[in-house]
Amino acid sequence: MLLSAPEPAYGAGKWNRSHMIKILLVEDSKFLRMATERALARAGYEVLTAADGQSALAVAEKQKPDLILLDMLLPKITGPDVLKTLKRNPATAQIAVVVLSGLSPKNAARLQQDGAFAFLDKSELSLDKGPETFLKVLSGIVRKLGFEVPHGARALETGVGS
């Protein structure tokens, strides 16, 4: 059933899986939001942004993104409450939510029980050193959701050497 295996529902349905992937980035830090938005757009994603939980819920319901990157420490409505509200609302329940947080990964299991598709620890993504690690990890998530990774993100994957 869908409840026991939600992954196939993501990326399926009315959208062609090769369309430009629309991502809602929810981050209260203006600097981090702008830098991440720029990196996502350069990689070929369509990017929407919200700086607080209340705006995130409104944008998600109106714009129906394919994926939401959700910070946990947000003003107005906290990240965990945004996640629960998204998953309870039939209009947004099927949107994949990836938690992007500096909180302890100990919270990951609880967040996944609440409906998060994945948990990304900001400190492990080395965002201060550039977006490459983040974009590589995101590409893997996009593939798991059944979407085609944008050309710009694929170029970063193959063009970045360690």
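Small disclaimer: the values here were computed from a predicted structure and weren't measured. (Residues numbered from 1 in each chain as written. Predicted model: local features only at pLDDT ≥ 70, side-chain atom pairs only at ≥ 80, totals over all residues. Heavy atoms only, no water.)

Colleague: I'd like a rundown of the nonpolar core, residues and numbers included.
Modeller: Ile-23, Leu-40, Tyr-45, Leu-69, Phe-134 and Leu-138 are the most contacted members of the largest nonpolar core, which totals 26 residues. For this core, the secondary structure elements donating two or more residues are strand S1 (22-26), helix H1 (30-43), strand S3 (67-70), strand S4 (96-101), strand S5 (118-121) and helix H5 (132-144). Contact partners of Ile-23, with chain neighbours within four places excluded, come to Leu-40, Tyr-45, Glu-46, Val-47, Leu-48, Pro-65, Leu-67, Leu-69 and Leu-138. Formed by 21 residues, the second largest nonpolar core is a distinct cluster that contains Leu-48, Leu-83, Ile-95 and Leu-111. (Core = buried A, V, L, I, M, F, W, Y, C linked by side-chain atoms within 4.5 Å. Buried < 20%, exposed > 50% of the residue type's maximum accessible area, 1.4 Å probe, protein only. Helix = DSSP H or I, 4+ residues; strand = E, 2+ residues; numbered from the N terminus. Contact = heavy atoms within 4.5 Å.)

Colleague: Lay out helix H2 (residues 53-63) in plain terms, naming residues and giving numbers.
Modeller: Within H2, burial applies to Gly-53, Ala-56, Leu-57 and Ala-60. The arc that holds every buried residue of H2, seen down its axis, measures 95 degrees, which confines them to one face. Tucked into the core, H2 has its buried residues touching S1, strand S2 (46-50), S3 and helix H3 (79-88). Structurally, the start of H2 carries an N-cap: the backbone nitrogen of Gln-54 is 3.0 Å from a side-chain oxygen of Asp-52. Count one or two residues on from H2 and you reach Lys-64, which has phi positive near 50 degrees. (Arc of directions from axis to C-beta. Polar contact = N/O pair within 3.5 Å; in protein donor to acceptor, adjacent residues only side chain to side chain.)

Colleague: Outline the pattern of salt bridges, listing residues and values.
Modeller: With the rule as written, the count across this model stands at 4 salt bridges. Taking the shortest distance from any N to any O, the salt bridge between Lys-122 and Glu-27 comes out at 2.7 Å. Taken as a pair, Lys-122 in the loop between S5 and H5 and Glu-27 in the loop between S1 and H1 lie far apart in primary sequence, 95 residues in all. The class for Glu-27 is buried, based on a relative accessible area of 3%. A salt bridge links Lys-76 to Asp-52; its shortest N-O distance comes to 3.9 Å. With Lys-76 in the loop between S3 and H3 and Asp-52 in the loop between S2 and H2, this pair connects stretches of sequence that are 24 residues apart. Among the charged side chains, a network of salt bridges with common partners joins Glu-27, Asp-71 and Lys-122. (Salt bridge = Lys/Arg side-chain N within 4 Å of Asp/Glu carboxyl O.)

Colleague: Report on unusual backbone geometry, specifying residues and quantitative values.
Modeller: Look at Lys-64: it is not a glycine, yet its phi comes out positive at around 50 degrees. Looking at the secondary structure, you find Lys-64 in the loop between H2 and S3. Looking at Lys-64, the relative accessible area reads 30%, which means it is partly exposed. The phi dihedral of Lys-76 falls on the positive side, at around 70 degrees, and the residue is not glycine. Since its relative accessible area comes to 65%, Lys-76 is described here as exposed.

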